[in-house]
Amino acid sequence: MPFYEHVYLARQDLAPAQVEALTEAFTKIVADMGGEVKTHEYWGLRNIAYRIAKNRKAHYVLLNIEGPPAAVQELERQVALNEDVI
């Protein structure tokens, strides 16, 4: 199966525990579609180069995914629907 890297940015007003819960939910989505999140890295609250939806900072999270393309497409769809992700 192919490998993918997926970085998402969560809103600055979320607690790190809430960001971890988001990561677990996204991991479950990938697992349900037949893929696997090999590793995830929380990069912390960092400045954004420019404002996105009135946010100057965001929580950065990297997911290393091994799975079919359909799993990544579903993950991207769910990320786009989530209001906590910028």
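Conventions used here
Every chain is numbered independently, its residues counted from 1 as its sequence is written. Two thresholds apply to this predicted model, a pLDDT of at least 70 for residue-level local features and 80 or more for giving and counting side-chain atom pairs, whereas whole-chain, interface and lining totals are computed over all residues. With hydrogens and water set aside, each side-chain value is computed from the structure's full complement of heavy atoms. In this scheme Phe, Tyr and Trp rings, the latter by its six-membered ring, pair at centre separations within 6.5 Å, and the angle between planes marks the pair as stacked below 30 degrees, edge-to-face above 60, and tilted otherwise. Each helix is a run of H or I in the DSSP string that is no shorter than four residues. Each strand is a run of E no shorter than two, and both are numbered from the N terminus. For the exposure calls, accessible area comes from a 1.4 Å probe over protein chains only, and a residue counts as buried if that area is under 20% of its type's maximum, exposed if over 50%, partly exposed in between. Pairing between strands is defined by DSSP: at least two bridges between the two strands are required. Orientation is described by lines fitted to C-alpha atoms, with helices fitted over the stretch in contact, and by angles between N-to-C directions that extend from 0 to 180 degrees.

A. Region of interest: the packing of aromatic side chains. By the definition in use, this model includes 2 aromatic pairs. A ring pair is formed by Tyr8 and Phe26, whose centres lie 5.1 Å apart and whose planes are at 90°; its orientation type is edge-to-face. Linking Tyr8 in strand 1 (residues 3-11) with Phe26 in helix 1 (residues 16-32), this pair joins segments that are 18 residues apart in sequence. Like Tyr8, the residue Phe26 is buried in the burial classification. On the numbers, 6.4 Å between centres and 25° between planes, the contact of Trp43 with Tyr60 is stacked. Taken together, the positions of Trp43 in strand 2 (residues 36-52) and Tyr60 in strand 3 (residues 55-66) put the pair 17 residues apart, joining distant regions of the chain. On the basis of relative accessibility, which here comes to 35%, the residue Trp43 falls in the partly exposed class.

B. A look at the sheet that holds strand 2. Taken together, the 3 strands give an open sheet; going across it, the order is 1-3-2, and neighbouring strands pair in antiparallel fashion. The sheet is open, and its two edges are formed by strand 1 and strand 2, each paired on a single side. The average undirected angle you get between the axes of adjacent strands in this sheet is 25°. Pairing of strand 1 with strand 3 involves 9 bridges; the strand directions are antiparallel. Note that in strand 3 the partner of Tyr8 across the bridge is Val61.

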